Amino acid sequence: MAWFRVARASRRLQRPSLFSSSVSLSRSILNPLPVSSHPTPTPTPDPTPDYHKPFRQYYRCTPVSDLSRDNLKLDWWVHKSVAHISTSVRESSNSEEDKDGGSRLPKAEVSWIDLYLPKQARPYARLARLDKPIGTWLLAWPCMWSITLAASPRHLPDFKMLLLFGCGALLLRGAGCTINDLLDRDIDTMVERTKLRPVASGLLSPFQGLCFLGFQLLLGLGILLQLNNYSRILGASSLLLVFSYPLMKRLTFWPQAYLGLTFNWGALLGWTAVKGSLDPAIVFPLYLSGVCWTLVYDTIYAHQDKEDDLKVGVKSTALRFGDSTKQWITGFGIACIGSLALSGFNAGIGWSYYAFLAAASGQLAWQIWTVDLSSRADCNRKFVSNKWFGAIIFSGILFGRLSS
């Protein structure tokens, strides 16, 4: 029997656990007790299978007092809490660290591109800014205004033209972004907001970007060839503005004005695609209104990068206007609304157009008065809200034309 007792004692010593160690520590420090003289009971195996209790262990304990039991409960709770906290910290740290080198990685935005597109196509989609459609909306709305304004009284606009110009806006905006990233790749690496763009970050080479640009322009040519000859010439001439715009921030404090000339070319092109010619009394005020509108929203947008622009040495109306920005863009907003009213009046549009124009004035005033030019997040929110300004004007022209 002696060898049996020795063997059983040795088995107990070979199976220590963290919990039993902590029990002994709490018993000795928190509430020391005299060694019990009661014999150690033989443990009864738990009938529950081990795979239901992966962290369950069996212990041999001597009877303890009620006070000791309280201390044991406290020790168990502290041990469990510390284990949980250490695990949470470890998981949080691993989620922000690179598994290869252990360095922290910048947080990347997750969009539908990452969820639905093949891995090889994602850099090209980001190069064309497909995950940020606001630029496409801002380019498409002047086209939609012009096409709807050119419709016959009490008739809906040409749906085929609206669809063609919508696709054209998507392609031309993507081509413009590609050109911009190719020419600005050295600048983009020094600006916080743009340093992760595909070409600047090295995800795509300049040659790959150039090939993608050729593909976009080829698709755009297919759309342009479906228009009349007058519109083809007018549309092709816009490429001069598209290719030269990225250079303007190096030359002048007014690149936003040049962007306005580029982005609102569709106000001229949409009318000619329907009518086959230009009507200066209607189309030019519409074009001017778009240029002034662009000066409002893109100046707000430029305030996101004003600190980086100063470091890099590029120019913008945000730097040109400085603390007087709100006064300047208020003037451009008034000019935008006035030009829209003049264009509608010359087109003989119905009264409902002016009700929508009043609502659009309120939306533009809200942007200007409430924007926090020192907050990048708020500047971006106000910039994105301009899709609703464009939608309100489009609705006004549509209902005004139907009621004229």
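In the block above lies the structure referred to throughout.
Below, the structure is looked at part by part. On a predicted model such as this, the values are computed, not experimentally measured, just so you know. (Residues numbered from 1 in each chain as written. Predicted model: local features only at pLDDT ≥ 70, side-chain atom pairs only at ≥ 80, totals over all residues. Heavy atoms only, no water.)

### Comments concerning helix H12 (residues 266-275)
Moving on, step 1. Taken across its 10 residues, H12 has eight buried, putting it largely inside the fold.
Moving on, step 2. Those residues of H12 that sit buried are Gly266, Ala267, Leu268, Leu269, Gly270, Trp271, Thr272 and Ala273.
Moving on, step 3. Close packing links the buried residues of H12 with helix H6 (134-149), helix H7 (159-183), helix H10 (229-251) and helix H13 (280-302).
Moving on, step 4. Once H12 ends, the next one or two residues include Gly276, with phi positive near 85°. (Buried < 20%, exposed > 50% of the residue type's maximum accessible area, 1.4 Å probe, protein only. Helix = DSSP H or I, 4+ residues; strand = E, 2+ residues; numbered from the N terminus. Contact = heavy atoms within 4.5 Å.)

### Points about a nonpolar patch on the surface
Moving on, step 1. On the surface, a nonpolar cluster with roughly 660 Å² of combined accessible area is contributed by Val110, Trp112, Leu115, Tyr116, Leu130 and Leu170.
Moving on, step 2. The element contributing the most residues to the nonpolar patch is helix H4 (residues 112-116), with three residues.
Moving on, step 3. Summarising the element assignment, Trp112 is placed in helix H4.
Moving on, step 4. Judged by its relative accessible area of 38%, Trp112 falls in the partly exposed class. (Patch = residues over 30% accessible without salt bridge, like charges linked within 9 Å, V, L, I, M, F, W, Y side chains within 5 Å. Areas by Shrake-Rupley, 256 points an atom, 1.4 Å probe, with all protein chains shown as cover. Salt bridge = Lys/Arg side-chain N within 4 Å of Asp/Glu carboxyl O.)

### Examining the pattern of salt bridges
Moving on, step 1. Under the definition given, this model contains 12 salt bridges.
Moving on, step 2. Arg129 serves as the salt-bridge partner of Asp181, at 2.9 Å between the closest nitrogen and oxygen. With Asp181 in helix H7 and Arg129 in the loop between helix H5 (122-127) and H6, this pair connects stretches of sequence that are 52 residues apart. Across the pair, Arg129 and Asp181 agree in class, each one buried.
Moving on, step 3. Between Asp378 and Arg381 there is a salt bridge whose closest N-O contact spans 3.4 Å. A residue pair is termed a helical-turn pair when its members lie 3 or 4 positions apart in one helix, as Asp378 and Arg381 do in helix H18 (residues 376-384) at three residues.
Moving on, step 4. Taking the relative accessible area as the measure of exposure, Arg381 reaches 52% and is therefore exposed.
Moving on, step 5. One network of salt bridges, in which partners are shared, links Arg129, Asp181, Asp188 and Arg197.

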